[in-house]
Amino acid sequence: MPESAQLLAPFSLADDKGIDVSFDGGQQTLLCFVKEDCPTCRTVIPVLKALFDAGVNILVIGQTVLGNNKLIEAFDLPFPILNDEKLKVSFAYDIETVPTLIHADKNGKQVELQEGFVKSDWQALTKSLVDAGTDIELDWDSLPDWRPGCGSLSVDPIIADKLRAEAENSPLRARKIEIAPADDEFEFMFDQGFSDGLPIVPPTPERVIRMLSGTTRDPQEVIATVAPNLAEATVEKIAINAVMAGCKPEYLPVVIASVQAACTDEFNIHGVMATTMGASPVMVVNGPIREKIGMNMKLSALGQGNRANATIGRALRLVIRNIGGAVPGGTERPTLGNPMKFTMCFAEWEERSPWEPLHVERGFAADENVVTLFCMTSGPTLVVDQTSLEASQLASSMAMSLESTHHPKSYMSSDTLLVVCPEHVDTIMRTTGYTKQRLKDEILEATRRPTKDLVQDHKSGVGIPKEKFASMPEEFQNGQLTKFASAKDIHVVIAGSDAGKFSGAFHGWVTGPGGSIVVSQKIED
Amino acid sequence: MTTILDPTNEKAPVERQLAARHGEITGRLAILDIAKPRGNILLDKFEVLLAERLPNVTINRYRKPTFTKPAPDALRAEIKAENDFLIEGLAD
């Protein structure tokens, strides 16, 4: 509410006959905001009428044209009701309740403000406005002692966001696009190339305002520079794409953090999008926010059906497409592509894990919210193992499956994100004290193969070129190699339902500075 | 009218782009009658004049069921498959 003695903003509204009426100070005035379907507003109308008859300058502002006309007719009003159907004045005056009565002095400053109807307060105000010692012609006894007001239309959640978007101090700066009435807005957005191929939610100003309520950041804060166009992703632009993806406002901080992570030199989103291998980010969310925003980490964690999982991953992809300009056929050149390019985001079931969760392993506090981006090219490839009975057996079984990453004879170039399912966790933990690191080490060790077995031959052109092998020292030729350069290239998280011995592995792209390195980013409000 | 906010980096203008113009009509040319009354009379004459000026162009005629509605998908597909150019009489 405006503070006492505050200078009230001038305004001009048309009355019920279409005549403009202005409030700009200059004389003592009572402003009263009403809406017709509010019983308390109807209660105070006779008081306003009596005040008007007593010569008090009154401006009644009504919130719907239809309602205003009904009030005029029902009460045979001698004064007009100003039409604030666009609610601009109600919004500018921060009206939350109707009736709201504001007493403005002759300098246009607020002297008093009352919400709802408290008879004693209205009586006192009335006495201060009319000549001393007299009272207005009104049967005060017929009025109730107290009535609460109703909610102003300007704070109706659906309307309020639109009003905020259109207000003079609106935080929105993005170019506005008017879609002609004859155009289907969904078809228009497809035609403009805004979509990943599925329908998108129209990013109207009010939806974007609502989305921005999900973060405390300044809408114009630049979060990242997005390749390939090296365009600045502001919070507002990210919010627009999050709306299109179908996100709720509370998902926005996760989307913002994922954009930060994707646009690092380490993650290399440009290379990830451009490679003919059809790579794409996989997002793993850790921390309390998983529960807060309702992410899925259990049954079908990597599948469809959960809004947060589906739309957060999609929002990142739309940001890269629309802000960065990575479009298939442009700088995005996948031979086959893969469906994870639409969206791939899930949460780790930390509570089901016997080990520290991914973000803690990567240096964050357990209560911090973190998103981790892994670059995948295939998967989740299932490790269908329903019969291994203890940890080491299962680790080597998983390793055999992981040897297919890229190609069984392709070694030392990629990494993997292994999503271990709960039943496999139970199998592993039959060995007391078995650690995550031991799982990684045993997987790595089980992939160890004689180097000479990895040389190109008549069965496979993939492998170490014969000439290169021949030029290598004898120690190398007689040595062994592991699938991954180190155990650090095996990333392990827990997710999935309690039923089923099917872990899944995302196969990486090229890991290291020449490809993509896993990046974790703290999620800030 | 719906207003949306531009999700892109705003480096390109937002507009409906016209199809590329070839500068010369060759191959197959469709004339679409939108079924406005007497529109066919104008188009018949138009076809004669075009045939004189473009003797090597094959002219195909099509007609919408009604001018009040967009052309049915099947008709649009047929026109697209059978022609390289299209002339449509839009209104009176």
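Keep in mind that this is a model prediction, so the values were computed, not measured. (Residues numbered from 1 in each chain as written. Chains lettered and ligands numbered in written order. Predicted model: local features only at pLDDT ≥ 70, side-chain atom pairs only at ≥ 80, totals over all residues.)

A. Molecular detail of the sheet that holds strand β2 (residues 28–33) of chain B. Residue and element names in this part refer to chain B. In space, the three strands of this open sheet follow the order β3-β2-β4, with parallel pairing throughout. Of all strands in the sheet, those with a lone pairing partner are β3 (58–63) and β4 (85–88), marking the two edges. Between one strand axis and the next, the sheet turns through 25° on average, direction left out of account. As paired strands, β2 and β4 are joined by four bridges and run parallel to one another. Looking across to β4, one finds that Ala30 is bridged to Leu86. Along the sheet, helix α1 (residues 39–53) contacts β2 and β3; its crossing angle with β2, the most-contacted strand, is approximately 165°. (Pairing = 2+ DSSP bridges. Helix = DSSP H or I, 4+ residues; strand = E, 2+ residues; numbered from the N terminus. Axes fitted to C-alpha atoms, helices over the stretch in contact; angles between N-to-C directions. Contact = placed C-beta atoms within 7 Å.)

B. Structural context of the confidence of the model for chain B. Averaged over all residues, the pLDDT of chain B equals 87, while 92% of them reach at least 70. The complex model carries a pTM of 0.79, and its ipTM stands at 0.78. (pLDDT = per-residue confidence, 0-100.)

C. Structural detail: helix α14 (residues 391–402) of chain A. All names here are of chain A. Given a rise of 1.5 Å per residue, twelve residues ought to cover 16 Å, and the 16 Å separating the end C-alpha atoms of α14 matches this to within 8%. Restricting attention to buried positions, one finds in α14 the residues Ala391, Leu394, Ala395, Met398, Ala399 and Leu402. Each buried residue of α14 sits inside an arc of 145° when the element is viewed along its axis, so together they form one side. Among the structural elements, β17 (370–384), β18 (416–420), α15 (422–428), α16 (436–446) and β22 (502–508) are those in contact with the buried residues of α14. (Expected span 1.5 Å × (residues − 1). Buried ≥ 20, exposed ≤ 12 C-beta atoms within 10 Å, placed from the backbone. Arc of directions from axis to C-beta.)

D. Spatial organisation of the nonpolar core. Residues and elements named next belong to chain A. Counting 106 residues, the largest nonpolar core has Ala242, Val255 and Val259 as the members making the most contacts within it. Once residues lying within four places of it in the same chain are set aside, the contact partners of Val259 are Ile223, Ala224, Ala233, Ile238, Leu316 and Val319. Within the second largest apolar cluster, 32 residues are counted, among which are Phe23, Cys38, Ile72 and Leu101. (Core = buried A, V, L, I, M, F, W, Y, C linked by C-beta atoms within 7 Å.)

E. Focus on the sheet that holds strand β5 (residues 81–83) of chain A. Residue and element names in this part refer to chain A. Spatially, β5-β4-β3-β7-β8 is the arrangement adopted by the five strands of the open sheet, whose pairing is mixed. Edge strands, defined here as strands with exactly one partner in the open sheet, are β5 and β8 (110–115). Direction aside, neighbouring strands of the sheet carry axes that sit 20° apart on average. Bridging between strand β7 (residues 100–104) and β8 involves five bridges; their strand directions are antiparallel. Of the residues in β8, the one forming a bridge with Thr100 is Glu115. Each of β3 (29–34) and β4 (58–62) is contacted by helix α1 (residues 39–53), which is oriented at about 155° to β4, the strand it contacts most.

F. View of the interface of chain A and chain B. The interface is formed by 27 residues belonging to chain A together with twelve residues belonging to chain B. When contributions to the side of chain A that touches chain B are tallied by element, the ones reaching two or more residues are β12 (176–179), α7 (205–212), α8 (235–245) and α12 (307–324) of chain A. Judged from the four bridges that link them, β12(A) and strand β1 (residues 2–5) of chain B form a sheet pairing that is antiparallel. Residue pairing in the sheet places A:Ile179 in a bridge with B:Thr2 of β1(B).

G. View of the pairing of strand β15 (residues 280–286) of chain A. Residue and element names in this part refer to chain A. Burial analysis of β15 places seven of its seven residues in the buried class, which makes it a mostly covered element. Because side chains alternate across β15, one face comprises the buried residues Ser280, Val282, Val284 and Asn286, and the other comprises Pro281, Met283 and Val285, equally buried. Note that β15 and β17 share seven bridges and pair antiparallel. By the bridge assignment for β17, Pro281 is matched with Cys375.

H. Seen up close, the environment of A:His507. Relative to the assigned elements, A:His507 resides in strand β22. Sequence-distant contacts of A:His507, defined by excluding residues within four places in its chain, comprise A:Met376, A:Thr377, A:Ser378, A:Gly379, A:Thr381, A:Thr405, A:His406, A:Ser414 and A:Thr416.

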